[in-house]
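Geometric and topological summary
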Amino acid sequence: MTSKIAAVTGATGFLGTHLCERLLEDGWTVRALSRPTSDRGDLEDADLEWYTGDVFDTETLESMVTGTDAVFHLAGIGLWSAGPETVKRVNRDGTATVLSVCRTSEDVGRLVFTSTAGTRQPNETSPFADETDVAEPIGAYQSSKAEAEQLVDRYAATGGDAVTVHPTSVFGPGDESFTPQLLSMGLEPTMPAYLPGGLSIVGVSDVVDGIIAAYEKGGSGEHYILGGENLTYDRAVSRISDHLGGVPARIPVPAQAIHAAGPVAEAVGTVTDHQVFPFNRRMAKLATERLFYTSEKAKTELDYEYAPLEEHLPETVTWYREEFR
Ligand SMILES: NC(=O)c1ccc[n+]([C@@H]2O[C@H](COP(=O)([O-])OP(=O)(O)OC[C@H]3O[C@@H](n4cnc5c(N)ncnc54)[C@H](OP(=O)(O)O)[C@@H]3O)[C@@H](O)[C@H]2O)c1
């Protein structure tokens, strides 16, 4: 048990909720940022200190980060829920605001910034991307995260204490997007098709462990990929259905169909300012590739470990059935 104080942005989100719960279990005092419109969900009745505001509310941020041991900056937004301008503003400018407040406030602990593995990508020489495989960003989400990472690196290089973590595709209870999509492909007879390509699937509890380990053991200015098992969609879907006795999706969506949808999504996005998956042609191509990662650096330096998909299934499926049935 500890008597440390943490400030958490993005506390009301999927990952932030799990992080707050773990910090409380470990004895931390947790100061959590919540927007006036946020749904605090399971945290509503938890023993947290709430700070109401957004990532641009400097006064609230200042009172929240002053006198802390750690600042966990998770607030962020993707193209699935906002247009590119908002995505850039929240991910890049929001991070700039948090850093600037940390810099000018008194007695602020280490900042752990949650970016995405998407700023790194496999290439011809390394089929499993590591922290050095910096990729040209595709779309507003990746570019805003890449720019935010540079701001965090600069903060660390100029006297601040900051570490960046890069989760891959996070799986677990409370996720409204990736997790139900994957489970439905493994379980539901009404979901006949799975996606081509593959990805690194990591349980949310493993990512939370990795974030805390980055605070405890990471080097300032360093980056750590927090990944899990590298699985093709085909393999992930059959592992889920084998374990749970579901009806796996049997037909792969042809990669060409997704590639063809890219320009359509791009055109819709241009004329309506409403983003439609796969957002644009470069992202459409990315969605059909094998986006595999290695977490070797986190394993060596942070003692990071991840469990196989099956270990995360019982709790996640119980939640899924309650939410989606
Ligand atoms: N889930 C993944 O697979 C994954 C993978 C890699 C990286 N990440 C990163 O991890 C972080 C957390 O992801 P998540 O899956 O937990 O996302 P999430 O469920 O969508 O949660 C996002 C959080 O950010 C908050 N937020 C958004 N805009 C804000 C603003 N203007 N001011 C203050 N707070 C704001 C949200 O508040 P409200 O509750 O008010 O909306 C929410 O608490 C994000 O930065 C994401 O990019 C996630």
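Residue numbering note: each chain is counted from 1, following its sequence as written. Only residues with pLDDT of 70 or above have their local features reported here, since the model is predicted, and side-chain atom pairs are shown and tallied only from 80 upward, although totals for entire chains, interfaces and linings are computed over all residues.

If you check an unreviewed UniProt entry, the protein appears there as Epimerase from Natronolimnobius baerhuensis.

**What to know about the overall build of the protein**
This is how the line gets drawn: Think of it this way: any DSSP run of H or I at least four residues long counts as a helix, any run of E at least two long counts as a strand, and we number them from the N terminus. Atoms considered for the radius of gyration are the C-alpha atoms alone. The globule rule reads 2.2 Å times the number of residues to the power 0.38. The exposure scheme places C-beta atoms from the backbone and then counts, for each residue, the other C-beta atoms within 10 Å of its own, assigning buried at 20 or more, exposed at 12 or fewer, and partly exposed in between.
Secondary structure assignment for the protein yields 11 helices and 14 strands. On C-alpha atoms alone, the protein measures out to a radius of gyration of 19 Å, which is about the 20 Å that the 2.2 N^0.38 rule sets for 325 residues. Summarising its shape, the C-alpha atoms of the protein cover approximately 55 × 40 × 40 Å along the three principal directions. Scored against the burial criterion, the 325 residues of the protein give a buried share of 47%.

**Describing the sheet that holds strand S5 (residues 110-114)**
Just so we agree on the cut-off: One bridge is not enough; two strands pair if DSSP finds at least two bridges between them. Between the N-to-C directions of two axes lies an angle of 0 to 180 degrees, each axis being a line fitted to C-alpha atoms and, for a helix, fitted only over the stretch in contact. By the convention adopted here, residues make contact when the C-beta atoms placed from their backbones lie within 7 Å.
Strands sit in the order S3-S2-S1-S4-S5-S7-S11 across an open sheet of 7 strands; the sheet is parallel. In this open sheet, the two strands that pair with only one neighbour each are strand S3 (49-52) and strand S11 (223-226). Strand-to-strand, the axes of this sheet are offset by a mean angle of 20°, without reference to chain direction. Of the strand pairs in this sheet, strand S7 (residues 162-167) and S11 are connected by 4 bridges, and their pairing is parallel. From the neighbouring strand, Thr164 faces S11, where its bridge partner is His223. The sheet strands contacting helix H3 (residues 84-104) are strand S1 (5-9), strand S4 (70-73) and S5, and the helix crosses S4 at an angle near 170°.

**Notes on the pairing of strand S14 (residues 290-293)**
By the bridge criterion, 2 bridges tie strand S6 (residues 128-129) to S14 in an arrangement that is parallel. Opposite Phe128, over in S14, you have Phe292 as the bridge partner. Of the pairings in the sheet, the one linking strand S10 (residues 198-203) to S14 comprises 2 bridges and is parallel in character. Its bridge partner being in S14, Gly198 is matched across the sheet by Arg290.

**Brief notes about the nonpolar core**
Filter applied, for reference: A set of buried Ala, Val, Leu, Ile, Met, Phe, Trp, Tyr and Cys residues, joined through C-beta atoms within 7 Å, is what we mean by a nonpolar core.
Of all hydrophobic cores here, the largest spans 87 residues; its most connected members are Val8, Val112 and Ile211. With 8 residues, helix H6 (residues 204-217) is the single largest residue contributor to this core. Sequence-distant contacts of Val8, that is, excluding residues within four places in its chain, are made with Gly16, Leu19, Cys20, Val30, Arg31, Ala32, Leu33, Phe72 and Leu74.

**Looking at the pairing of S4**
Looking down a regular strand, the side chains alternate between one sheet face and the other. Quick note on the threshold: Handedness rule for crossovers: strands pointing away from the viewer, path from the first strand over the helix to the second running clockwise, crossover right-handed.
Alternating positions in S4 separate into two faces, Ala70 and Phe72 on one and Val71 and His73 on the other, with burial throughout. Alignment of S1 against S4, held across 4 bridges, turns out to be parallel. Looking at S4, one finds that Ala6 is bridged to Ala70. Here 4 bridges tie S4 to S5, and the two strands are oriented parallel to one another. Along S5, the bridge assignment pairs Val71 with Leu111. Assessed by its sense of winding, the connection that carries the chain from S4 through H3 to S5 is right-handed.

**Side note on the site of the ligand**
Short version of the rule: Nearness rests on one distance test: the residue's C-beta atom, set from the backbone, must lie within 6 Å of the molecule or strand. Here the nonpolar group is Ala, Val, Leu, Ile, Met, Phe, Trp, Tyr, Cys and Pro; Asp, Glu, Lys and Arg are the charged ones; every other residue, Gly included, is treated as polar.
Neighbouring the ligand are 26 residues; Gly13, Ser38, Asp54, Gly76 and Val170 lie closest to it. Sorting the residues of the shell around the ligand by element identifies helix H1 (14-25), H3 and strand S8 (169-171) as the ones contributing at least two each. At 3 residues, the largest contribution of residues to the shell around the ligand is made by H1. Split by residue class, the shell around the ligand holds 12 nonpolar, 12 polar and 2 charged.

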